[in-house]
Amino acid sequence: MPFTYPPIAGLLFLPLTMLPSQLGWGVLAALSALALGFVLRETLPAKLRAGWPFGALLLSTLLLEPVWRTLGLGQVNLLLMAMVVADVLLLKGRKGAGVLIGVAAAVKLTPLIFIAHLALTRRWADATRALAAFALLNLAAAAVLPGDTVRFWTEALVDGNDATTNSWIGNQSLNGILQRLTGEDQAALILFATTALVTLALAAIVVRRLHSDGDDLGALLVTAVAGLMVSPVSWTHHWVWVVPLAGYFIAKNMQWSLLALVVVFTGWQFRMVPSGAKTELSWTAADVLLGNSYLLAALVAVPIVVLLAGGDPALRGQAVRAELAPGEKSRS
């Protein structure tokens with residue numbers, strides 16, 4: 001597939017080229033599987049983090065279309081998600097916090113939204129380190145690959161994957177659905193810019209509320225979903241954040257929400273509607289519902305997370321203490 005990541009990603013992936021292609025894919029798949037297990041474990045209640053219950057849940061995640069497609073295509077989504085989860089949930093209050101998010105954003109620009117997440121949750125030093133890591137890595141790439149760096153930031157960033165006009169069913173973002181609904185009309189970009197700004201503003205309010213209630217995972221999930229929605233292109237395999245969302249629902253004993261999540265994100269519905277060669281521009285109403293199901297599911301899931309958040313006074317007390325003493329290391 002065409003490589004439209006920042007040049008620093010090419011440099012970081014260079015060691016894989018020393019391996020036979022299939023072995024390189026296998027190494028990446030193994031690392032992704034470990035990342036998947038780490039993320040799931042960190043979002044599950046303690047009683048489900050070991051033994052056969054954890055093993056069964058981990059194997060079940062392979063039924064989710066974003067997961068198996070990420071593994072099958074050799075994508076880095078699971079690795080980047082694990083870096084973000086580790087930075088936000090485990091490294092809070094530690095000296096190196098923020099660096100992993102900066103590295104993830106340098107490899108693939110979409111994690112930049114998590115730097116904003118650090119700022120929204122008043123982790124100013126961590127946000128600064130993330131920005132510094134992002135900038136230093138891109139400067140290093142500019143020094144080694146100046147031509148590619150200029151081409152990426154001036155041309156490929158916009159033209160790659162037809163970012164501004166991509167109406168293919170695989171693009172499950174606000175831009176994707178608006179391109180499909182408007183027939184790729186120029187008005188789609190205006191609508192996209194407007195709805196993206198509204199989405200980011202609402203997400204910021206929700207993240208602040210969840211953070212003040214001590215629900216760090218809920219706040220992180222809202223940021224992740226908002227990032228997927230406002231990115232011009234969010235392929236179906238980018239939606240691996242459904243894994244920690246499933247863990248969140250399990251922890252909250254929301255079996256029906258979990259079941260609905262599994263039904264939607266196995267991806268069966270995408271085979272039920274015409275796609276490719278711009279057939280998405282002539283969908284019926286039923287096709288619109290099925291063909292935009294990831295985005296529509298997100299619009300339902302976020303209010304559920306908000307309703308589930310915050311009821312524990314102990315968590316709220318922890319959040320207040322963290323605000324009063326931001327330099328103290330987390331004991332969680």
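Small disclaimer: the values here were computed from a predicted structure and weren't measured.

Draft legend 1. The overall build of the chain, seen in detail. The helix and strand tally for the chain stands at 17 helices and 0 strands. At 20 Å, the chain has a C-alpha radius of gyration in line with the 20 Å of a compact globule built from 332 residues. Its C-alpha atoms give the chain principal-axis dimensions of about 55 × 50 × 40 Å. Out of the 332 residues in the chain, the part that is buried amounts to 46%. Counting contacts in the chain only where the partners sit at least 6 residues apart, residues at least 24 apart contribute 69% of the total.

Draft legend 2. Geometry of the packing of helix α2 (residues 21-43) against helix α13 (residues 242-251). One way to put it is that α2 packs onto α13 with a least axis distance of 8 Å and a crossing angle of 25°. One way to sum up the angle between α2 and α13 is to call them roughly parallel. The chirality of how α2 crosses α13 is right-handed. Here Leu-36, Val-39, Leu-40 and Thr-43 of α2 come into contact with α13, specifically with Val-243, Pro-244, Gly-247, Tyr-248 and Ala-251.

Draft legend 3. Summary view of helix α7 (residues 113-120). Turning to α7, its buried residues number three or more, namely Ile-113, Phe-114, Ile-115, His-117 and Leu-118. Turning to α7, the residues buried within the fold contact α5 (77-90), α6 (99-107), α8 (124-144), α11 (187-212) and α12 (216-230).

Draft legend 4. Just the nonpolar core, in detail. Of all hydrophobic cores here, the largest spans 67 residues; its most connected members are Ile-101, Phe-114, Leu-220, Trp-241 and Phe-265. Sort the elements by how many residues they give to this core and α12 lands first, with 11 residues. Ignoring sequence-local partners within four residues, the contact set of Ile-101 consists of Val-84, Asp-87, Val-88, Pro-111, Phe-114, Ile-115, Leu-118 and Ala-130. Of all hydrophobic cores here, the second largest spans 8 residues; its members include Ile-8, Leu-109, Ala-141 and Phe-152.

Draft legend 5. Representation of the environment of Arg-129 within the structure. If you trace the backbone, Arg-129 turns up in helix α8. For the pair Arg-129 and Val-99, spaced 30 residues apart in the sequence, the C-alpha separation amounts to 5.7 Å. Beyond its immediate chain neighbours, meaning those up to four positions away, Arg-129 contacts Arg-94, Lys-95, Gly-96, Ala-97, Gly-98 and Val-99. Separated by 2.9 Å, the side chain of Arg-129 and the backbone oxygen of Lys-95 make a polar contact.

Draft legend 6. Here's a closer look at the environment of Ala-140. Here Ala-140 shows up in helix α8. Spatially, the C-alpha atom of Ala-140 lies 9.6 Å from that of Pro-7, the residues being 133 residues apart in sequence.

Draft legend 7. Quick look at unusual backbone geometry. Look at Arg-122: it is not a glycine, yet its phi comes out positive at around 65°. Mapped onto the secondary structure, Arg-122 falls in the loop between α7 and α8. Classification of Arg-122 by relative accessible area gives partly exposed; the value is 46%. Phi is positive for Asn-253, close to 60°, though the residue is something other than glycine.

Thresholds, definitions, all that
Residues numbered from 1 in each chain as written. Predicted model: local features only at pLDDT ≥ 70, side-chain atom pairs only at ≥ 80, totals over all residues. Heavy atoms only, no water. Helix = DSSP H or I, 4+ residues; strand = E, 2+ residues; numbered from the N terminus. Rg over C-alpha atoms; globule rule 2.2 N^0.38 Å. Buried < 20%, exposed > 50% of the residue type's maximum accessible area, 1.4 Å probe, protein only. Contact = heavy atoms within 4.5 Å. Axes fitted to C-alpha atoms, helices over the stretch in contact; angles between N-to-C directions. Parallel < 35°, antiparallel > 145°, perpendicular 65-115°, else oblique. Left-handed = near helix turned anticlockwise from the far one by under 90°. Core = buried A, V, L, I, M, F, W, Y, C linked by side-chain atoms within 4.5 Å. Polar contact = N/O pair within 3.5 Å; in protein donor to acceptor, adjacent residues only side chain to side chain.

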